[in-house]
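# Report on the structure
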Amino acid sequence: MVLALQNIRFSYGDNTVIEDASFQLEEYDRAGLVGYNGCGKTTLLGIITGSLIPDGGSVVLRNDA
């Protein structure tokens with residue numbers, strides 16, 4: 001496992017952007033992140049990189065990732 005997100009929740013004030021997002025990526029998996037403008041793609045990447053702290057849930061990133 002390289003990356004795992006479990007029940008991620010994130011809000012900007014009263015506006016919930018991400019709710020109950022969960023997924024796991026293995027070493028040789030390939031993934032794409034697509035969606036409409038404003039749907040939370042950049043927010044999700046910010047949570048993965050650690051620049052944003054989720055309101056709930058957990059992020060596990062392998063040390064050498």
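This write-up is about the structure you can find in this document. (Residues numbered from 1 in each chain as written. Predicted model: local features only at pLDDT ≥ 70, side-chain atom pairs only at ≥ 80, totals over all residues. Heavy atoms only, no water.)

Turning our attention to the pairing of strand β2 (residues 15–25). Bridging between strand β1 (residues 3–12) and β2 involves seven bridges; their strand directions are antiparallel. Considered in β2, the bridge of S11 is made with T16. Taking the residues between adjacent antiparallel strands as the criterion, β1 and β2 are bridged by two residues, where G13 takes a positive phi near 65°. (Pairing = 2+ DSSP bridges. Helix = DSSP H or I, 4+ residues; strand = E, 2+ residues; numbered from the N terminus.)

Attention now moves to the environment of I48. Note that I48 resides in helix α1 (residues 41–49). Placed 17 residues apart in sequence, I48 and A65 show a C-alpha to C-alpha distance of 11 Å. For I48, the residues in contact, after removing those within four places along its chain, are L3, L5, F23 and L61. (Contact = heavy atoms within 4.5 Å.)

Relative to the elements of secondary structure, T43 occurs in helix α1. Given a relative accessible area of 9%, T43 falls into the buried group. With sequence-adjacent residues up to four places away left out, T43 is seen in contact with F10, Y12, V17, I18 and L52. (Buried < 20%, exposed > 50% of the residue type's maximum accessible area, 1.4 Å probe, protein only.)

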